[in-house]
Amino acid sequence: MENVHLAPETDEDDLYSGYNDYNPTYDTEELENDTAFQQAVRTSHGRRPPITAKIPSTAVTRPVPTGYGSKTSLVSSMGRPMTGAIQDGVTRPMTAVRAAGFTKAALRGTAFDPLGQARGPAPPLEARNEDSPEEKIRQLEKKVNELVEESCIANSCGDLKLALEKAKDAGRKERVLVRQREQVTTPENTNLDLTYSVLFNLASQYSANDMYAEALNTYQVIVRNKMFSNAGRLKVNMGNIYLKQRNYSKAIKFYRMALDQIPSVHKEMRIKIMQNIGVTFIKTGQYSDAINSFEHVMSVAPSLKAGFNLILSYFAIGDREKMKKAFQKLIAVPLEIDEDDKYISPSDDPHTNLVIEAIKNDHLRQMERERKAMAEKYIMTAAKLIAPAIETSFAVGYDWCVEVVKASQYVELANDLEINKAITYLRQKDFNQAVETLKMFEKKDTRVKSAAATNLSFLYYLENDFAQASSYADLAVNSDRYNPSALTNKGNTVFADGDYEKAAEFYREALRNDSSCTEALYNIGLTYKKLNRLDEALDCFLKLHAILRNSAQVLHQIASIYELMEDPSQATEWLMQLISVVPTDSRALCKLGELYDGEGDKSQAFQHYYESYRYFPSNIGVIEWLGAYYIDTQFCEKAIQYFERAALIQPTHVKWQLMVASCFRRSGNYQKALDTYKDIHRKFPENAECLRFLVRLCTDIGLKEVQEYATKLKRLEKMKEIREQVPHMGRKLLSVNFQNTSLL
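Residues numbered from 1 in each chain as written. Predicted model: local features only at pLDDT ≥ 70, side-chain atom pairs only at ≥ 80, totals over all residues. Heavy atoms only, no water.

Caption draft 1: Focus on the overall build of the chain. Scanning the chain for helices and strands turns up 33 helices and two strands. Considering the chain as a whole, with its 744 residues, one finds that 35% of them fall into the buried category. Summarising the internal contacts of the chain: among those between residues at least 6 apart in sequence, 47% fall at separations of at least 24. Counting every atom, the chain has about 46600 Å² of accessible surface; 52% of that belongs to carbon and sulfur. (Helix = DSSP H or I, 4+ residues; strand = E, 2+ residues; numbered from the N terminus. Buried < 20%, exposed > 50% of the residue type's maximum accessible area, 1.4 Å probe, protein only. Contact = heavy atoms within 4.5 Å. Areas by Shrake-Rupley, 256 points an atom, 1.4 Å probe, with all protein chains shown as cover.)

Here's what the structure looks like:
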């Protein structure tokens, strides 16, 4: 007990005293600024000595310190003071710096504040240094991203040129960014994602602007860079570019390379690439390889496009059975759209009705309609293609297609196929079969009946059977009053009867039902032209010209109306547009020549008349004008060839042969002129004009035949006088008889 020392009761020492008082030697926070320590870390100076350097003897006594007694140092076997030991009069704490909030003040009632909230708000952040390299890099990176976004937005708006400029600017700034980043940091810190997006956008914009060589070079830069992950998939884009360039072998090569680098989990992407490969094989005529590609697609993920292309491939090789199977596969492709019953209100609930009305024409519904229309287009086109090829006759083939369609989800297409069958009869000029096929629809539902009656009305109209045409037009209109084709046909039958006002009413009704019905708009323009309402007719044809920009018939009608309105300059301008559309139209060229001739511009008139003659050398009016033009310009030798052609076209008209002889006479070739007149006299011995020229020529030359031709001319003139006197004498005798009758 002598060595036991009790702690005094008045000892106010804190149980945790000494933990906050530590030797600065152990302050690790200042090690970064300690020059000696940093030098020791970088060099061999200050390394820990080996373990065997200072091994104390086991005979050394080690006093054990107590919590309250004297505190003596306890040296470890490594020469390092133990935790809590006293070294050089300083007590080393248990922790690195201080206790977690356990202080003497805490025992005296101070609030526990381990987060230091009592110290007040944090000091404000240091102001950003705009001139620092890191800040400049950050701003430049932001600008590059903005340029890429602007390029994409410009492309979506259709401004491809601006999109390419923005993409190029982004590429230039991105290269500057990379150089600046390499100067400040290590190359490993380069933003590869930004580089990839800039290059990819640039290549896309090159491709959109049809700069395929530049696009391929940019894609090559991406693909060859091993640091870009999954860059090999861009070979699909390169294959698309080669396909546009019609370099089909390279397109297939890159498609297959991309297919090899896409894992099997991405089934949709692989299927699309296989479709592209199949289309490329069709382009090259390798139909067997195309069939393999499309059959794989149809077995994994059937689609309308793949099924249609498969039918085309089988049609190309002429495999009837495979065409039938492929058509059945196309019919069986799921459409994946909702039924129309979904949009029918099941009750009178106003809220439900409002919801149904809202979704009847929303974007999803429009997509469904487009998908259904596309499916019907593929099926109808495929049926029309294979029907003549799968059976001995196209009628039997159509019947097979109709039966297959009736057993599928596209039942309503069966009637359309029947109508196409009738149209095919029309193309083959088998009108009787076409009429019989269309008459089968008279007892069908309203829409099909209206379509069939419309076709029948048009058929009878072409055959000039206006009574039957009007009857079936009435049937079509009564079946479907909103059918613009039926109303147009009805207007045509009324127009044929001469009732233009009533015809215009039917055309206007057709336009009210469908403002894009170009047939009704054209016909109402013709009707107004017949009624001499030229301003209204001109408005109709100008509207039609806005819809059909390159329609030669519309341009001709506009020019014709301006000519009727006595505006030759406008007529000439529209005829010039017509010539730009159909440069070989001889009638339009002739009309242009006529207009220029009316304005006194003989050189322009000659140019267009000559072009008209070059394309159609049988127009008598053009030939006559050209011959007269050469006579007026004192080139009678050139006029001879035109009158000789006119004489070939109309050999019974002596006028042209006389003109040939006159041209020989005017050019001074009297012998040739005399021979020509003699030949004309042999063919037309009663032509007095030919005899007069013969008498004149023989007199000028001094030939003996002059008396002979003079005698014939006198005899012919005397006979002509007698013929003229006979009717006069007959009328005189008749008047005498009437007088005698009155005397009686």
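Caption draft 2: Highlighting the UniProt feature "repeat: TPR" (unreviewed entry) in the chain. This chain's UniProt record puts "repeat: TPR" (unreviewed entry) on residues 232–265, 271–304, 484–517, 518–551, 586–619 and 620–653. For the annotated span residues 586–619, helix accounts for 79% and strand for 0% of the residues, and the straight-line distance between the end C-alpha atoms is 9 Å. (UniProt positions renumbered as here; feature names shortened; annotations may be inferred.)

Caption draft 3: The environment of Gly285, seen in detail. Assignment of secondary structure puts Gly285 in the loop between α9 (267–284) and α10 (287–300). Along the primary structure Gly285 and Ala316 are separated by 31 residues, whereas in three dimensions their C-alpha atoms are 8.8 Å apart.

Caption draft 4: Representation of the packing of helix α28 (residues 620–632) against helix α29 (residues 636–649). Packing of α28 against α29 leaves a shortest axis separation of 8 Å and a crossing angle of 155 degrees. Of the possible angle classes, the one that applies to α28 and α29 is roughly antiparallel. The crossing of α28 and α29 is left-handed. In contact with Ile620, Ile623, Leu626, Gly627, Ala628, Tyr630 and Ile631 of α28, α29 contributes Cys636, Lys638, Ala639, Tyr642, Phe643, Arg645, Ala646 and Ile649. Per-class residue counts for the contact of α28 with α29 are twelve nonpolar, one polar and two charged. (Axes fitted to C-alpha atoms, helices over the stretch in contact; angles between N-to-C directions. Parallel < 35°, antiparallel > 145°, perpendicular 65-115°, else oblique. Left-handed = near helix turned anticlockwise from the far one by under 90°. Nonpolar A, V, L, I, M, F, W, Y, C, P; charged D, E, K, R; others polar.)

Caption draft 5: The arrangement of the packing of aromatic side chains in detail. Using the criterion set out here, one finds 20 aromatic pairs in the structure. An aromatic cluster is built from Phe606, Tyr609, Tyr610, Tyr613, Trp625, Tyr629, Tyr630 and Tyr642, whose rings are joined through pairwise contacts. Taking NZ or CZ as reference, Lys638 lies 5.3 Å from the ring centre of Phe635, over its face. (Phe/Tyr/Trp six-rings, centres within 6.5 Å; stacked < 30°, edge-to-face > 60°. Lys NZ or Arg CZ within 6 Å of the ring centre and 35° of its normal.)

Caption draft 6: Main features of unusual backbone geometry. Here Asp210, not a glycine, exhibits a phi torsion of approximately 60 degrees, which is positive. Checked against the element boundaries, Asp210 lands in the loop between α5 (192–208) and α6 (212–224). The phi dihedral of Gln634 is positive, around 65 degrees, even though this residue is not glycine. Turning to its location among the elements, Gln634 is positioned in the loop between α28 and α29.

Caption draft 7: Geometry of the packing of helix α19 (residues 466–479) against helix α20 (residues 484–496). Remark: α19 packs on α20, axes separated minimally by 9 Å, with the N-to-C direction vectors making an angle of 150 degrees. The angle between α19 and α20 falls in the class roughly antiparallel. Relative to α20, the crossing made by α19 is left-handed. On the side of α19, the interface is formed by Phe466, Ala469, Ser470, Ala473, Asp474, Ala476 and Val477, while α20 contributes Ala486, Leu487, Asn489, Lys490, Thr493 and Ala496.

Caption draft 8: The arrangement of the pattern of salt bridges in detail. In total, this model carries 20 salt bridges according to the counting rule given. For Lys272, the salt bridge is made with Glu268, and the minimal N-O distance between the two is 3.8 Å. Pair noted here: Lys272 and Glu268 are both in helix α9, with a separation of four residues, about one helical turn. Among the ionic pairs, Glu563 bridges to Lys591, the shortest N-O distance being 3.3 Å. Taken together, the positions of Glu563 in helix α24 (residues 552–564) and Lys591 in helix α26 (residues 586–598) put the pair 28 residues apart, joining distant regions of the chain. With relative accessibility at 27%, the residue Lys591 sits in the partly exposed group. (Salt bridge = Lys/Arg side-chain N within 4 Å of Asp/Glu carboxyl O.)

Caption draft 9: Up close: helix α16 (residues 413–427). Compared with the 21 Å implied by 1.5 Å per residue over 15 residues, the 21 Å span of α16 between its first and last C-alpha is a close match. Restricting attention to buried positions, one finds in α16 the residues Leu413, Ala414, Asn415, Leu417, Glu418, Ile419, Asn420, Lys421, Ala422, Thr424 and Tyr425. One or two residues past the end of α16 sits Lys429, with phi positive at roughly 60 degrees. (Expected span 1.5 Å × (residues − 1).)

Caption draft 10: Expanded view of the nonpolar core. Core analysis: the biggest nonpolar cluster contains 165 residues, and Phe327, Val405 and Tyr677 have the highest contact counts within it. Among the elements that make up this core, the one with the highest residue count is helix α14 (residues 363–390) (nine residues). Not counting residues up to four positions away in its chain, the partners in contact with Tyr677 are Leu658, Ala661, Ser662, Arg665, Cys690, Phe693, Leu694 and Leu697. Core analysis: the next-biggest nonpolar cluster, separate from the first, contains nine residues, Ile137, Leu147, Val148 and Leu177 among them. (Core = buried A, V, L, I, M, F, W, Y, C linked by side-chain atoms within 4.5 Å.)

Caption draft 11: Layout of the environment of Arg320. Positionally, Arg320 belongs in helix α12 (residues 320–332). Residues in contact with Arg320, not counting those within four places in the same chain, are Ala389, Ile390 and Glu391.

Caption draft 12: Examining helix α25 (residues 568–581) more closely. Taking 1.5 Å per residue, 14 residues should reach 20 Å; α25 reaches 20 Å between its end C-alpha atoms and fits that length. Buried within α25 we find Ala571, Thr572, Trp574, Leu575, Leu578 and Ile579. Where α25 is buried, its residues meet α23 (534–547), α24 and α26.

Caption draft 13: Local environment of the confidence of the model for the chain. When pLDDT is averaged across the chain, the result is 80; 78% of the residues are at 70 or more. Confidence over residues 52–90 falls short of pLDDT 50; this stretch has 38 contacts with residues more than four positions distant or in other chains. (pLDDT = per-residue confidence, 0-100.)

Caption draft 14: Here's a closer look at the environment of Asn145. For Asn145, the location among the structural elements is in helix α3 (residues 133–156). When its relative accessible area of 34% is taken as the criterion, Asn145 is described as partly exposed. Taking the C-alpha atoms as reference points, Asn145 and Val198, separated by 53 residues in sequence, lie 8.3 Å from one another.

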